[in-house]
Amino acid sequence: MRLGRVESFVSTNLGHVAGVSEPYVTLPSVPYLAPPGSATAGSLYIDGRWREARNGRVREILNPADGSVLTIVSEGGRADTEDAIAAARRAFDSGEWRRVSEDERGRLLDRIADLLQRDREEIAVMESLDTGKTIEEGRIDVDDVTDVFRYYAGLAGKDAGRLVSAPEGVHSKVVYEPVGVCGMITPWNYPLLQLSWKMAPALAAGNTMVVKPSEITPVTTAKLVELTTEAGVPAGVVNLVTGSGPDAGAPLSEHPDVDLISFTGGLATGRRIMAAASETVKKIALELGGKNPNIIFPDVDLDTAVDYALAAAFFHSGQVCSAGARLIVHNDIHDAFTTELARRAEAIRVGRGQDQDVRCGPLVSAEHRAKVEAAVARGVEEGARIIAGGRRPDDPDLAQGYFYRPTVFVDCERSMDIVQDEVFGPVVTVERFETERQAIELGNDTDYGLSGGVWTNDTARGERVAAALRHGTIWINDFGPYFPGAEWGGYGRSGIGRELGPAGLDEYREAKHVYRNLAPEPQRWFG
Ligand code: NDP
């Protein structure tokens with residue numbers, strides 16, 4: 001998600017072989033990832049043990065760059081998720097994990113961060129092969145995830161509660177306790193990163209958990225679970241079930257022994273999870289994406305604004321909940337801005353995430369590309385005009401992968417589906433505005449409210465627009481960066497609750513008020 005931190009693509013353990021279309025960077029050999037063709041796989045981690053699914057089923061995980069089989073994992077189902085919930089419940093109820101001091105839990109998180117850095121290159125390659133993102137983006141993810149673990153390592157033990165002002169003879173305090181068993185359901189675009197936002201604070205607060213990654217991108221989740229064990233997190237505290245949403249995920253939101261559900265993914269699934277969780281009145285945190293406005297005033301440097309707009313829209317091929325997919329550009333610079341945007345979008349190198357100089361890797365799956373293509377077709381039908389992309393790349397070497405070229409739409413109206421719906425692909429729309437008020441109206445004209453950007457050299461105007469936009473994060477003269485210490489989450493249909501920052505820890509804590517009467521005497525309430 002962080003944009004801008006770019007390192008050179010030099011690596012000792014990867015070799016670029018020109019013209020070779022077979023996967024030439026492979027996954028490491030680890031017991032929980034079975035090689036292609038295997039009939040069995042043991043990628044479930046329950047009660048401190050890697051094991052197969054009860055029904056023995058497996059799933060092929062595909063490389064989105066060419067459709068080849070990357071690895072085989074277990075296809076867990078309801079019975080496996082129930083096993084994992086039972087393990088997490090036992091680990092929580094035994095009280096052992098809760099009795100580990102918060103300082104010690106902080107040290108464990110620091111150890112996980114160290115291990116992430118030790119295996120940085122390996123994890124970056126895993127994430128790149130599994131999701132299609134570039135290896136450079138994979139490295140950025142590992143560094144960001146490391147920062148998240150370090151941040152919550154620092155917070156652990158720093159806030160033991162507080163004394164509350166009370167009448168004489170009364171002692172009153174508020175203490176924090178873990179919520180209990182947490183279900184964590186994560187999406188395919190940032191499997192490692194999204195999990196870290198949940199797992200790190202949940203561990204810091206003393207919870208136990210069951211993790212269910214997207215069925216199509218489970219690789220780095222299994223790796224992170226392995227690292228928690230290596231760091232010394234006790235058996236039963238972190239459990240993993242790989243499998244589909246309806247089979248392995250749904251039981252988490254329904255089960256009475258799960259106290260909290262934290263979900264990142266699409267709006268429709270979020271609604272289903274919320275409805276299912278209401279039955280047992282679970283605590284719930286939802287991050288459901290966005291359609292994020294990027295407002296460009298005419299006083300900015302055009303070259304810089306176009307540069308950032310490209311990254312905002314097309315980083316990780318636009319498969320980012322906070323992508324700047326909705327440009328709102330002042331009339332005075334609209335034509336110059338869009339001409340330059342289209343020229344540079346056409347020049348973006350699309351290819352395997354493991355190739356040098358590639359900026360946009362494949363979309364995550366054939367199904368997802370079909371959704372993006374359908375959204376683009378709908379945009380054309382509605383009257384929006386494509387000035388870049390709108391097609392698959394011509395390169396025959398990419399024909400087997402799920403690639404799509406960065407696409408720019410102009411002549412867009414706020415009422416169009418292509419402007420309102422989250423496409424989650426390399427597609428940006430451009431609308432025009434004349435006054436500051438119109439820009440704000442357009443920026444707020446969405447059911448979502450995750451993030452937005454405003455570009456202007458007028459400081460007061462930047463602050464005014466930032467204050468008026470109803471989104472969880474606003475960038476002024478930038479788009480994309482976030483910090484572990486700053487809360488992340490959405491207004492409106494972008495979700496419920498906050499991740500990161502102190503509030504991200506609070507999601508995983510119950511506040512308990514303890515009142516002590518220091519000298520109880522009969523109060524003659526009756527008799
Ligand atoms: P989903 O919302 O379907 O998937 C997210 C996670 O929820 C996955 O682990 C999925 O499992 C799981 N899941 C699915 N159904 C259930 C269920 N009934 N109960 C519990 N868990 C469930 O996202 P998609 O992958 O289908 O993407 C759909 C759209 O969502 C995208 O096109 C995009 O618009 C948006 N999206 C938003 C993201 C964000 O960051 N906010 C991230 C990813 C997608 P499984 O994958 O195994 O089925």
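Refer to the preceding data block for the structure.
Residues numbered from 1 in each chain as written. Predicted model: local features only at pLDDT ≥ 70, side-chain atom pairs only at ≥ 80, totals over all residues. Heavy atoms only, no water.

J.: Could you give me a rundown of the overall build of the chain, with the residues and numbers involved?
T.: When helices and strands are counted, the chain shows 16 helices and 20 strands. The globule rule puts the C-alpha radius of gyration for 527 residues at 24 Å, and the 24 Å found for the chain is close to it. Taken along its principal axes, the extent of the C-alpha atoms in the chain is 85 × 60 × 40 Å. Out of the 527 residues in the chain, the part that is buried amounts to 57%. Relative to all contacts within the chain whose residues are 6 or more apart in sequence, the contacts with residues 24 or more apart total 74%. As presented, the chain carries roughly 21100 Å² of accessible surface, and 50% of it is formed by carbon and sulfur atoms. Put simply, the chain has 56 plus and 77 minus side-chain charges, and the middle of one group is 4 Å from the middle of the other. (Helix = DSSP H or I, 4+ residues; strand = E, 2+ residues; numbered from the N terminus. Rg over C-alpha atoms; globule rule 2.2 N^0.38 Å. Buried < 20%, exposed > 50% of the residue type's maximum accessible area, 1.4 Å probe, protein only. Contact = heavy atoms within 4.5 Å. Areas by Shrake-Rupley, 256 points an atom, 1.4 Å probe, with all protein chains shown as cover. Lys, Arg positive; Asp, Glu negative; His and termini not counted. Charge placed at Lys NZ, Arg CZ, Asp CG, Glu CD.)

J.: Which residues make up helix H3 (residues 102-118), and what values do they have?
T.: One turn of an α-helix holds 3.6 residues; hence residues three or four places apart share an orientation. Across its 17 residues, H3 extends 24 Å between first and last C-alpha, which sits within 8% of the 24 Å expected from 1.5 Å per residue. Every buried residue of H3 is accounted for by Arg 105, Gly 106, Leu 108, Leu 109, Ile 112, Ala 113, Leu 115 and Leu 116. Looking at the packing, one finds that the buried side of H3 touches helix H2 (96-99), helix H4 (120-131), helix H5 (135-155), helix H6 (191-205) and helix H7 (219-231). (Expected span 1.5 Å × (residues − 1).)

J.: Account for unusual backbone geometry, with residues named and values stated.
T.: Positive phi, normally seen in glycine, also occurs at Val 281, with a value near 50°. Within the element layout of this structure, Val 281 appears in the loop between helix H9 (267-278) and strand S11 (283-287). In the Ramachandran plot, Asn 477 falls in the positive-phi region, its phi being about 60° despite a non-glycine side chain. Residue placement: Asn 477 occurs in the loop between strand S18 (473-476) and strand S19 (495-496).

J.: I'd love a proper account of the site of the ligand, names of residues and values included.
T.: If you check the shell around the ligand, you find 29 residues, and the closest are Thr 186, Trp 188, Lys 212, Glu 215 and Thr 269. Starting from 860 Å² of accessible surface for the ligand in isolation, the protein chains cover 86%. Mapping the ligand onto the cavity grids shows that it belongs to the largest pocket. Elements supplying a minimum of two residues to the shell around the ligand: helix H8 (245-254), strand S10 (260-264), H9 and helix H12 (366-382). In the shell around the ligand, the residues fall into ten nonpolar, 13 polar and six charged. Of the residues that make up the shell around the ligand, three or more belong to each of domain 1 (10-34 + 41-289 + 498-509) and domain 2 (293-447 + 451-476). (Near = heavy atom within 4 Å. 1 Å grid on protein atoms, 1.4 Å probe; cavity = no way out; pocket = protein on both sides within 12 Å on 5 of 7 lines; lining within 4 Å. Sits in = over half its atoms within 2 Å of the grid points. Nonpolar A, V, L, I, M, F, W, Y, C, P; charged D, E, K, R; others polar. Domains from an automatic or database assignment.)

J.: Could you give me a rundown of the state of the cysteines, with the residues and numbers involved?
T.: In total, this model carries zero disulfides according to the counting rule given. The thiol of Cys 321 is not disulfide-bonded; the next cysteine sulfur, from Cys 360, is found 17 Å away. (Disulfide = S-S within 2.5 Å.)

J.: Describe helix H11 (residues 331-347), listing the residues and the values that go with them.
T.: An ideal rise of 1.5 Å per residue puts 24 Å on 17 residues; H11 measures up with 25 Å between its terminal C-alpha atoms. Maximal helix bending in H11 amounts to about 25°, located at Phe 337. Along H11, the residues classified as buried are Ile 333, His 334, Phe 337, Thr 338, Glu 340, Leu 341, Ala 342, Arg 344 and Ala 345. Residues of H11 that are buried make contact with strand S12 (293-296), helix H10 (302-314), strand S13 (326-330), strand S14 (385-388), strand S15 (407-410) and strand S16 (427-433). (Bend = angle between axes of the 7 residues up to and from the residue.)

J.: Summarise the pattern of salt bridges; cite the residues concerned and give the values.
T.: Using the criterion set out here, one finds 47 salt bridges in the structure. Among the ionic pairs, Asp 83 bridges to Arg 51, the shortest N-O distance being 3.0 Å. Of this pair, Asp 83 sits in helix H1 (residues 78-93) while Arg 51 sits in strand S2 (residues 49-51), and the two are 32 residues apart along the sequence. Taken as a pair, Asp 83 and Arg 51 share a single burial class, namely buried. Residue Arg 378 pairs with Glu 382 through a salt bridge whose shortest N-O separation is 3.7 Å. Of this pair, Arg 378 and Glu 382 are both found in helix H12, four residues apart, which corresponds to roughly one turn of the helix. Arg 378 gets classed as partly exposed once you look at its relative accessible area, which sits at 33%. (Salt bridge = Lys/Arg side-chain N within 4 Å of Asp/Glu carboxyl O.)

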